[in-house]
Amino acid sequence: MDIREDLNIYMQIIRLLDESVNGYLYACDLQDDRMYFTDKICRRFALPFSGEQGIPFKEWEAVIYDRDVKLIKDDMEAVRSGKRNGCDIECRMIDREGNRVGVHWRATVHADKSGKPAVLLGSMDELVLGQRIDSLTGLWNYDKCTEDLESAVLKEEGYFIVFGIDNFKHINDNYGHDVGDIVLQNIARTVLSSVRKTDAVIRYGGDEFVIIFFSIPADIFEKKLERIRRSVDILIIDDRPELHMSVSIGGVYGIGTTKELFKAADNMMYQSKVTKNQVTICFLDENKDITDNI
């Protein structure tokens, strides 16, 4: 049988099983770059009903949160090139109401007669809200943070910052927690617009956030941190124009263990909090530590 016949058989089986499982089942044609979904996943997300012809990758990528598209593409390329024999990846998708939903994709590779990767058969499960995705801001939460920090250190190319919202308790106490939530959401959106799609923005807890930058020169790192500080400083919330928001930022640029890097960035943040609305950076190298307050 050729790949097309195999896919037809796979999809017949998947459609029979799909309604009886909690997640979603799918097939992927690696040679023709097409995805095959059941009606259940198409109803949940803004996907066209694929039918027997499937849908092009581009239509599938359109419902992947734009900051996670590169992650998906890199994973698929590793599978297609034979570097991996399956996929196991978490990302965010957009449902039909426009909400970001955390999902976990798993699949195994089936090769054609020549041994070339041909078809992915797998499942997709929605992550429990709050397990990986912060329900308020839509950012990755702390669990994801620790995994990304470990990955960054192993690659020796991740540099990160910790920042906290200044006087956040005062905002909650005087305006109420509903306004505090609006502040968190607006600052999260502002920060996302100030970094690259390849950078990871994470809500660490409460009013503190972590950003991981990958493969970024030191001078650009400094400029990015100052841009974030300035963007929040001039932020105006339409319904609360009297509110002034600022963040205290601590950054670390260099190589070390996760514990060392986080501790350094956290210390820099608390130095910034002495005067507030500041950026303090620690540059690490083999011989010395340099602290720069900008």
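Below or above, wherever it landed, is the structure these notes cover. (Residues numbered from 1 in each chain as written. Predicted model: local features only at pLDDT ≥ 70, side-chain atom pairs only at ≥ 80, totals over all residues. Heavy atoms only, no water.)

**Side note on the sheet that holds strand 1 (residues 24-29)**
Sheets are built from strands paired through backbone hydrogen bonds, the pairs being either parallel or antiparallel. Rule in force here: The pairing criterion for strands is at least two bridges between them, as found by DSSP. A helix here means a DSSP run of H or I that spans at least four residues, while a strand means a run of E at least two residues long, and both kinds are numbered starting from the N terminus. Any pair of residues with heavy atoms lying within 4.5 Å of one another is described as a contacting pair. Between the N-to-C directions of two axes lies an angle of 0 to 180 degrees, each axis being a line fitted to C-alpha atoms and, for a helix, fitted only over the stretch in contact.
One open sheet holds the 6 strands; their spatial order is 3-2-1-6-5-4, and the pairing between them is antiparallel. Each end of this open sheet is capped by a strand with a single partner; those strands are strand 3 (55-56) and strand 4 (86-94). Pairing between strand 4 and strand 5 (residues 100-111): 9 bridges, direction antiparallel. Bridge assignment links Ile89 to a residue of strand 5, and that residue is Trp105. In the packing of helix 4 (residues 69-80) onto the sheet, contacts are made with strand 1, strand 4, strand 5 and strand 6 (117-126), and the angle to strand 4 comes to roughly 160 degrees.

**Topic: the pairing of strand 9 (residues 208-214)**
Spelled out, the test is: Only protein chains enter the accessibility calculation, which uses a 1.4 Å probe. A residue is then buried if its area is under 20% of the maximum for its type, exposed if over 50%, and partly exposed in between.
With 7 of 7 residues buried, strand 9 lies mostly within the body of the structure. Burial of strand 9 is two-sided: the residues Glu208, Val210, Ile212 and Phe214 facing one way and the residues Phe209, Ile211 and Phe213 facing the other way are all buried. Where strand 8 (residues 200-205) lies against strand 9, 5 bridges are found, and the strand directions are antiparallel. Bridge assignment links Ile202 to a residue of strand 9, and that residue is Val210. From the end of strand 8 to the start of strand 9, which pair antiparallel, there are 2 residues, and Gly206 there has a positive phi angle of about 60 degrees.

**Focus: the packing of aromatic side chains**
Stated precisely, the cut-off is as follows: Working definition: rings of Phe, Tyr and Trp (its six-membered ring) pair if their centres are within 6.5 Å, and the pair is stacked with planes under 30 degrees apart, edge-to-face with planes over 60 apart, and tilted otherwise.
The final tally for this structure, using the stated rule, is 13 aromatic pairs. Between the aromatic rings of Phe160 and Phe262, the centroid separation amounts to 6.5 Å while the plane-to-plane angle is 20 degrees, which identifies the pairing as stacked. Of this pair, Phe160 sits in strand 7 (residues 158-165) while Phe262 sits in helix 9 (residues 258-275); the two residues are 102 residues apart in sequence, bridging distant segments of the chain. Note on accessibility: Phe160 and Phe262 belong to one class, buried. A ring pair is formed by Phe221 and Tyr253, whose centres lie 5.3 Å apart and whose planes are at 55 degrees; its orientation type is tilted. You can see Phe221 sitting in helix 8 (residues 218-233) and its partner Tyr253 sitting in strand 10 (residues 247-253), a full 32 residues away along the chain.

**So, the environment of Cys28**
As for its placement among the helices and strands, Cys28 is situated in strand 1. Separated by 26 residues in sequence, Cys28 and Gly54 have C-alpha atoms that sit 8.7 Å apart. In this structure, Cys28 is in contact with Arg34, Met35, Phe57, Met76, Ala118, Val119 and Leu120, ignoring residues within four places of it in sequence.

**Quick look at the nonpolar core**
One broad rule of soluble globular proteins: the nonpolar side chains tend to lie buried together. Filter applied, for reference: Buried Ala, Val, Leu, Ile, Met, Phe, Trp, Tyr and Cys residues that are joined via side-chain atoms within 4.5 Å together make up what is termed a nonpolar core.
Counting 35 residues, the largest nonpolar core has Ile161, Phe163, Val183, Ile187, Ile211, Phe213 and Phe221 as the members making the most contacts within it. Formed by 29 residues, the second largest nonpolar core is a distinct cluster that contains Tyr24, Met35, Val63 and Met124.

**Description of empty space enclosed by the protein**
Put simply, the rule reads: Only protein atoms enter the 1 Å grid, on which a cavity is a set of points fitting a 1.4 Å probe that cannot get out and a pocket is an open set with protein on both sides within 12 Å along at least 5 of 7 lines, lining residues being those with an atom within 4 Å of a point. Grid points are joined across faces, edges and corners, and a volume is the space filled by probe spheres set on the points.
Tallied over the entire structure, the rule returns 1 cavity of 30 Å³ or more. In terms of lining, the largest cavity is formed by Tyr26, Met35, Trp60, Ile72, Asp75, Met76, Cys87, Ile89, Trp105 and Leu120. Taken together, the elements giving at least two residues each to the lining of the largest cavity come down to helix 4 and strand 4. A total of 3 residues in the lining of the largest cavity trace back to one element, the largest contributor, which is helix 4.

By themselves, these figures tell us nothing about what the structure is for.
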